[in-house]
Amino acid sequence: MVVGTHRNAQILISKSALYHNISNEKKRLKNNEYLFMVVKANGYGHGAVAVAHEAKKAGADGFCVAILDEALQLRDAGFDEPILVLGITDVEHASLMAERNISATVSSIDWLRTADEQLAQKNLPKLNVHIGLDTGMGRIGFQDKDSLKEAVDFLDQSNNLNFEGIFTHFSTADTHNVKYFDLQVERFNDLISVIDTLPKYVHVSNSATSLWHSEFNCNMIRFGVAGYGLNPSGGELDLPYELKPALSLTTEVVYCKKIDAGRSVGYGATYTSKEPEWIATVPVGYADGIVRALQGFSLLVNGKFCPIVGRVCMDQLMIKLDEPVKPGTKVTIVGQDGKEKITLQDIASYCDTIHYEVACLLTDRLPRIVVE
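Below is a short write-up of the structure. (Residues numbered from 1 in each chain as written. Predicted model: local features only at pLDDT ≥ 70, side-chain atom pairs only at ≥ 80, totals over all residues. Heavy atoms only, no water.)

**Quick look at the sheet that holds strand β6 (residues 127-132)**
Put simply, the rule reads: A pair of strands is treated as paired once DSSP finds two or more bridges between them. By definition, any uninterrupted DSSP run of H or I lasting at least four residues is a helix, any uninterrupted run of E lasting at least two residues is a strand, and each is numbered from the N terminus. Between the N-to-C directions of two axes lies an angle of 0 to 180 degrees, each axis being a line fitted to C-alpha atoms and, for a helix, fitted only over the stretch in contact.
Strand order in the closed barrel formed by 8 strands is β2-β3-β4-β5-β6-β7-β8-β9, with parallel pairing between adjacent strands. Taken over all neighbouring pairs, the strand axes of this sheet differ in orientation by 30° on average, direction set aside. Here 3 bridges tie strand β4 (residues 83-88) to strand β5 (residues 103-106), and the two strands are oriented parallel to one another. Each residue of the ladder has a partner; that of valine 85, found in β5, is alanine 104.

**Some points on the state of the cysteines**
Here is the rule we go by: In what follows, a disulfide is any cysteine sulfur pair within 2.5 Å. Categorising residues by exposure relies on relative accessible area from a 1.4 Å probe, with only protein chains included: less than 20% of the type maximum marks a residue as buried, more than 50% marks it as exposed, and the intermediate range marks it as partly exposed.
If you walk through the whole model with that rule in mind, you get 0 disulfides. Here cysteine 256 is not cross-linked by a disulfide; its sulfur's nearest cysteine counterpart is in cysteine 306, at 10.0 Å. Owing to a relative accessible area of 17%, cysteine 256 belongs among the buried residues under this scheme.

**Comments concerning helix α3 (residues 48-57)**
What counts, and what does not: The contact rule is simple, with two residues in contact once any of their heavy atoms fall within 4.5 Å.
By the burial criterion, the buried members of α3 are Ala48, Val51, Ala52, Glu54 and Ala55. Along its buried surface, α3 packs onto α1 (15-28), β2 (34-38), α2 (40-44), β3 (62-65) and α4 (68-76).

**Some thoughts on unusual backbone geometry**
You will see that alanine 41, though not glycine, has its phi angle at about 50°, which is positive. Mapped onto the fold, alanine 41 is located in helix α2. Classification of alanine 41 as partly exposed rests on a relative accessible area of 36%. One non-glycine residue, asparagine 302, lies in the positive phi region at around 55°. Within the secondary structure layout, asparagine 302 lies in the loop between β15 (298-301) and β16 (304-309).

**Thoughts on the packing of aromatic side chains**
We count it as follows: When the centres of two rings from Phe, Tyr and Trp lie within 6.5 Å, Trp using its six-membered ring, the rings pair. Their planes under 30 degrees apart give stacked, over 60 give edge-to-face, and anything left gives tilted.
Enumeration according to the criterion identifies 8 aromatic pairs in this entry. Measuring from centroid to centroid gives 5.3 Å for phenylalanine 36 and tyrosine 201, while their planes differ by 70°, and the two rings are edge-to-face. Linking phenylalanine 36 in strand β2 with tyrosine 201 in strand β8 (residues 201-205), this pair joins segments that are 165 residues apart in sequence. Owing to a relative accessible area of 3%, tyrosine 201 belongs among the buried residues under this scheme. A network of ring pairs unites the aromatic residues Tyr34, Phe36 and Tyr201 as a single cluster.

**A word on the pattern of salt bridges**
Pairs may arise between side chains of opposite charge once their charged atoms sit close together. We apply this condition: The salt bridge criterion pairs a side-chain nitrogen of Lys or Arg with a carboxyl oxygen of Asp or Glu, the two atoms within 4 Å.
For the structure shown, the criterion picks out 16 salt bridges. Between aspartate 76 and arginine 100 there is a salt bridge, with its nearest N and O atoms 2.9 Å apart. With aspartate 76 in helix α4 and arginine 100 in the loop between α5 (94-99) and β5, the pair connects residues that are 24 residues apart, well separated along the chain. By relative accessible area, aspartate 76 is classed as exposed at 57%. Given a relative accessible area of 26%, arginine 100 falls into the partly exposed group. Here lysine 149 ties to aspartate 153 by a salt bridge, and the two come within 3.0 Å at their closest N and O atoms. Taken as a pair, lysine 149 and aspartate 153 lie in helix α7 (residues 145-157) at a separation of 4 residues, close to a single helical turn. Its relative accessible area of 29% is what places lysine 149 among the partly exposed residues. In this structure aspartate 153 comes out as partly exposed when scored by relative accessible area, which is 37%. Through salt bridges with shared partners, one network takes in Arg7, Asp288, Asp315 and Arg365.

Here is the structure:
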């Protein structure tokens, strides 16, 4: 998708907010745990490379991504810190991962055997491997001690694979109810009891776990959404320190007109004015990640909330004003305008989803601009 550089619509990423969030979490780690910044999904929609640069300054020891291509993007950008791919990568890329010093997540003995055979035929460094454990998330990972022991024993005798890490992922660390969380902790401890010597990295903590259950951090955390200034619980749990949202989204009014009572706006004529109204057109739509479900949600113009009227179009949307404004007037979709502000959580709550999704849906047509 082309980046819209000739249109006044952009995502602004605050370097100081990123630094504040990541450095404060780094300082909170009482046992000097490693902090790996999670920059998957283009840095949760914030821009992976830009976030990684600021995370490194703030003390991040490494990075986590979801797919191999995201890891390669960081390597090509000049980062030489450890990078872990959290998802399963096709074993045919084992040699590439070894060559570029990218760590692989593994959930089966078959993957290890095939990778070992592949690497044995080439003069490459060892491939670093993190074993995933499924303690209740239900996505990937070993579930029983016998298969885990078989995998660890295989790694111990391999000349081509390095047992670098082991981890699990908690599914309910961001809620008041800790019953299932405690069950996952119990399962994790039971599984790793079959390992005589634990690897360099032992990690179970995502942002929520590190913020509210830091006693279980092991020796590494995967710091994700909180690094971007977003509460992982969406507000259910109070934060131990202030998080500063790093993302704002602004655009402008491109057209303003007065319509008569009885005139309809947008596809399907779902909105009809009851009286004469000022309607402004804004040059963003669902192709930019401003989803159709935001019909009726209010944006900020001159510090005032102005509702979206009619359906959000692919490339444009319309808002109702209480007075006319000139083309070029700033429109804030996420961020502060005067005394008022709109957060990603506000949008998520309106759409009955989570702020993770809202941020990740913002498309590449919106340029990411890093600001101080």
